[in-house]
Amino acid sequence: MDKANIKDLEVEKQLDYKDIVVKLYKVPFKHKCNRNIMAENRQGKILWQVNDISPNKDAPFTNIMPYSSEKILAYNWIGAYCYINISSGEIEIPHQRLW
């Protein structure tokens, strides 16, 4: 399995906030990139890239959605989800059971 460079990936979904744009990148089949969410300011400067919540698995994020004015909700393809702070990229993982 090849590792994908996020800069080479297509933006699948984008959430716009005041000064920050959060982007979910689409990871191609047979490529690994579990850190496929980034935030940029309006000038295009990268503010943060999400940490890998499933480092031992091929589990890229598949969806992001607004949760509050400070957090987004992000899901990966194995069913894990987390809250991500829009300003800092800090992850909060709620107690969950993965099958």
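Quantities reported herein were computed from a predicted structural model and do not represent experimental measurements.

(A) Looking closely at the pattern of salt bridges. The full count for this structure, using the stated rule, is three salt bridges. Among the ionic pairs, Asp16 bridges to Arg42, the shortest N-O distance being 3.5 Å. On the criterion of sequence distance, the pair formed by Asp16 in strand S2 (residues 10-16) and Arg42 in the loop between strand S5 (37-41) and strand S6 (46-49) is long-range, its members being 26 residues apart. We classify Arg42 as partly exposed; its relative accessible area is 43%.

(B) Region of the structure containing the sheet that holds strand S10 (residues 91-92). The antiparallel open sheet is built from four strands, whose spatial order is S7-S8-S9-S10. Whereas interior strands pair on both sides, the edge strands pair on one side only; in this sheet they are strand S7 (61-66) and S10.

(C) Looking closely at the pairing of strand S8 (residues 71-76). Pairing between S7 and S8: five bridges, direction antiparallel. Paired with Met65 across the bridge in S8 is Leu73. Inspection of the sheet shows S8 paired to strand S9 (residues 81-85) by five bridges, in the antiparallel sense. When the bridges of S9 are listed, Leu73 appears paired with Tyr83. Remark: four residues form the turn of the hairpin made by S8 and S9, two consecutive strands paired antiparallel; Gly79 in that turn has positive phi of roughly 100°.

Definitions and limits used
Residues numbered from 1 in each chain as written. Predicted model: local features only at pLDDT ≥ 70, side-chain atom pairs only at ≥ 80, totals over all residues. Heavy atoms only, no water. Salt bridge = Lys/Arg side-chain N within 4 Å of Asp/Glu carboxyl O. Helix = DSSP H or I, 4+ residues; strand = E, 2+ residues; numbered from the N terminus. Buried < 20%, exposed > 50% of the residue type's maximum accessible area, 1.4 Å probe, protein only. Pairing = 2+ DSSP bridges.

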